[in-house]
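Structural overview for review
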Amino acid sequence: ANSGRALDAADVRGLCGISASSKGQIGNRRASIGHKGMGFKSVLEITDAPVVYSTTMSFRFGPDDAVRAVKELIDEGFIDKVTRAPVTRFPWPVDKEPQRWHELRERGMRTAFRFPLLAKMTTEQRDGLASALRNLPVTSLVFLKHLSRVEIDIRNSAPPHSSAWTVTRERVTDSGTEKAVEFSDQGTYRVVLTSDNGVADVFLLAYEPEIQIENHRGGLGEVSWEGVNVTEVSIAARILDGHPIALKPEWRKLHVFLPTGEACPYDLLISGAFNSNLSRQEIRVESEDSNYNRFLLQQVALTFRDTLIPRLLRNGSPAKAVMRLLDRRTSVGARCPTIAAQALYEEVCSALAHFPLIPSEVDGPLAIQSCALPPLVPDVGVGVDFRRLLPERASVYTRFLPVAEFCGSDMACILTDHGAYCLSPEEAAEGLAQSDP
């Protein structure tokens, strides 16, 4: 690029490919973290002059430069005189690269972003930013496809703070595991986030990268989503000793690659190229079937059913541990606190309704909607003992009772919450009356 001019359209397309994940995501017209700068404008909350350094091209943005970029349109009378212009629409070449960037390159870094903080930021705001970095949840790294190392160094705070994580990925298949630098193909991956103090968090992740949007475009902006035809979702379970376990309560968030403010009702990490507000905090879901975000939540539920659950089971996780991931920790059938969470809950109920997962005494696993369960009572053991009194093929109407360990109120509540049939006290008494004395 010639110094003194804004980069042209071809330059910008190339730069998008640098700031986004690679592998030609722009060319594939896939909704992703980097597509057309989706998400990048959020940095304008803290800076008005971001700079990007790369091994191939470096560029900067700035409010004065943005106005200068449209000066020719003003001079020729196409637009009136303006005092502001969209900052991130006009990248400019960097005249001189700082020593800090040369040091980073020597360490193997290929891209760096510099965000000079806004002069108007108050001390309280700066301290809030430092606090957010200090308390960054490790789950922020699970869905970032290419990062291998994250270091946080906060110098201008009391006390100073440093932390770092290393990210490793393995592709998991029926034949074993193999190292993976990034998420690329559809399938399951083992993600390990290891802090420099030796603590490791392990996640099993299912990735679905080639979802055709088709006519599910409700709620999408015509300009920013024009030409985007393929989208993606990921869903991950936290793993300990080979089995899925509960998440920390503060980790139960929906992600747009990074955590949002939207609560997730389950012990699952969920990410999608959702259509969100600029700060990635709100994911709006409408009731229409054509709504894009609702469609993506449906794809999350299907990916959970068709990819993550089978992999967990094949890796030796018991069905009971898998079902515990769906414990909403609420009363049966209660509505979720947000529209997005409620939509996800409804889609999971629908996806699992006829999926054979729950062990039975005979004839293989049952689907949730084919299950009948004892009345729900506080004592977990009552339902277990009740089931052991009945025949192997005990049923009510066309529904069968699963194995005893799924009839205790802890598991029965989860199953009933997702569509299983709960016996009335009268039906329970009738069943007992028919049991072998």
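As the structure is a prediction and not an experimental result, all values here were calculated from the model.

Within the open sheet, the four strands sit side by side as β3-β2-β1-β4. Their pairing is antiparallel. Two strands bound the open sheet, and with one partner strand each, they are β3 (92-93) and β4 (111-114).

Another aspect to go through is helix α7 (residues 292-314). Taking 1.5 Å of rise per residue, the 23 residues of α7 would be expected to cover 33 Å, and the 32 Å separating its terminal C-alpha atoms lies within 8% of that figure. A bend of about 40 degrees at Phe-304 is the largest found in α7. Trailing α7 by a residue or two, Gly-316 shows a phi angle of about 100 degrees, which is positive.

Two elements in contact, α7 and helix α9 (residues 339-352), have axes separated by 8 Å at closest approach and are oriented at 45 degrees. Our classification of the angle between α7 and α9 gives oblique. In the crossing of α7 with α9, the sense of the turn from one axis to the other is right-handed. Contacts from Arg-294, Leu-297, Gln-298, Val-300, Ala-301, Leu-302, Phe-304, Arg-305 and Ile-309 in α7 reach Ala-340, Ala-343, Leu-344, Glu-346, Glu-347, Val-348, Ala-351 and Leu-352 in α9. When the residues that make up the contact of α7 with α9 are grouped by side-chain class, the tally is 12 nonpolar, one polar and four charged.

Another aspect to go through is the pairing of strand β9 (residues 200-212). Note that strand β8 (residues 187-195) and β9 share eight bridges and pair antiparallel. Each bridged residue has a counterpart across the sheet, and for Val-191 the counterpart in β9 is Phe-203. Connecting β8 to the antiparallel partner β9 that follows it, the hairpin turn spans four residues, and Gly-198 within it adopts a positive phi of roughly 95 degrees. The pairing of β9 with strand β10 (residues 230-240) spans nine bridges and is classified as antiparallel. Bridge pairing links Glu-208 to Val-233 in β10.

Next up on the list: the environment of Lys-179. Topologically, Lys-179 is positioned in strand β7 (residues 176-179). Lys-179 gets classed as exposed once you look at its relative accessible area, which sits at 77%.

Another aspect to go through is the nonpolar core. Grouped burial of nonpolar side chains is what soluble globular proteins tend to show. Grouped together as the largest cluster of nonpolar side chains are 88 residues, with contacts concentrated most on Leu-205, Leu-268, Leu-308, Met-323, Leu-326, Leu-344 and Ile-358. The biggest single contributor to this core is α7, with 10 residues. Once residues within four sequence positions are removed from consideration, Leu-268 is found in contact with Ile-235, Ala-236, Ala-237, Leu-247, Phe-304, Leu-308, Leu-325 and Leu-326. With eight residues, the next largest nonpolar core counts Leu-390, Ala-394, Val-396 and Leu-423 among its residues.

The next subject is the pattern of salt bridges. Side chains bearing opposite charge may pair, as long as their charged atoms lie close to each other. Per the stated rule, a full pass over the model turns up 24 salt bridges. When the shortest N-O distance is used, the salt bridge between Asp-75 and Lys-71 registers 2.8 Å. Placement of both Asp-75 and Lys-71 in helix α4 (residues 71-75) is noted, with a separation of four residues, approximately one turn of the helix. Here Lys-71 falls in the partly exposed class, since its relative accessible area comes to 45%.

Scanning all chains against the criterion turns up eight aromatic pairs. Between Phe-183 and Tyr-207 the ring centres are 6.0 Å apart and the planes differ by 40 degrees, which places this aromatic pair in the tilted class. Highlighted residues: Phe-183 in the loop between β7 and β8 and Tyr-207 in strand β9, separated in sequence by 24 residues. Taken together, the ring pairs in this structure connect Phe-183, Tyr-189 and Tyr-207 into an aromatic cluster. Positioned above the aromatic ring of Trp-92, the side-chain terminus of Arg-68 is 4.1 Å from the ring centre. Taking NZ or CZ as reference, Arg-169 lies 5.4 Å from the ring centre of Phe-183, over its face.

Another point: the side chain of Asn-293. Examined against the element boundaries, Asn-293 turns out to sit in helix α7. In this structure Asn-293 comes out as buried when scored by relative accessible area, which is 3%.

So, on to unusual backbone geometry. Trans is the prevailing form of peptide bonds, just as negative phi is the prevailing case for residues other than glycine. Even without being a glycine, Asp-241 presents a positive backbone phi close to 55 degrees. Following the sequence through the fold, Asp-241 ends up in the loop between β10 and β11 (243-245). Of note in the backbone geometry, Tyr-397 takes a positive phi value of approximately 55 degrees without being a glycine. Position of Tyr-397 among the secondary structure elements: in the loop between β16 (395-396) and β17 (399-400).

Cut-offs used in this document
Residues numbered from 1 in each chain as written. Predicted model: local features only at pLDDT ≥ 70, side-chain atom pairs only at ≥ 80, totals over all residues. Heavy atoms only, no water. Pairing = 2+ DSSP bridges. Helix = DSSP H or I, 4+ residues; strand = E, 2+ residues; numbered from the N terminus. Expected span 1.5 Å × (residues − 1). Bend = angle between axes of the 7 residues up to and from the residue. Axes fitted to C-alpha atoms, helices over the stretch in contact; angles between N-to-C directions. Parallel < 35°, antiparallel > 145°, perpendicular 65-115°, else oblique. Left-handed = near helix turned anticlockwise from the far one by under 90°. Contact = heavy atoms within 4.5 Å. Nonpolar A, V, L, I, M, F, W, Y, C, P; charged D, E, K, R; others polar. Buried < 20%, exposed > 50% of the residue type's maximum accessible area, 1.4 Å probe, protein only. Core = buried A, V, L, I, M, F, W, Y, C linked by side-chain atoms within 4.5 Å. Salt bridge = Lys/Arg side-chain N within 4 Å of Asp/Glu carboxyl O. Phe/Tyr/Trp six-rings, centres within 6.5 Å; stacked < 30°, edge-to-face > 60°. Lys NZ or Arg CZ within 6 Å of the ring centre and 35° of its normal.

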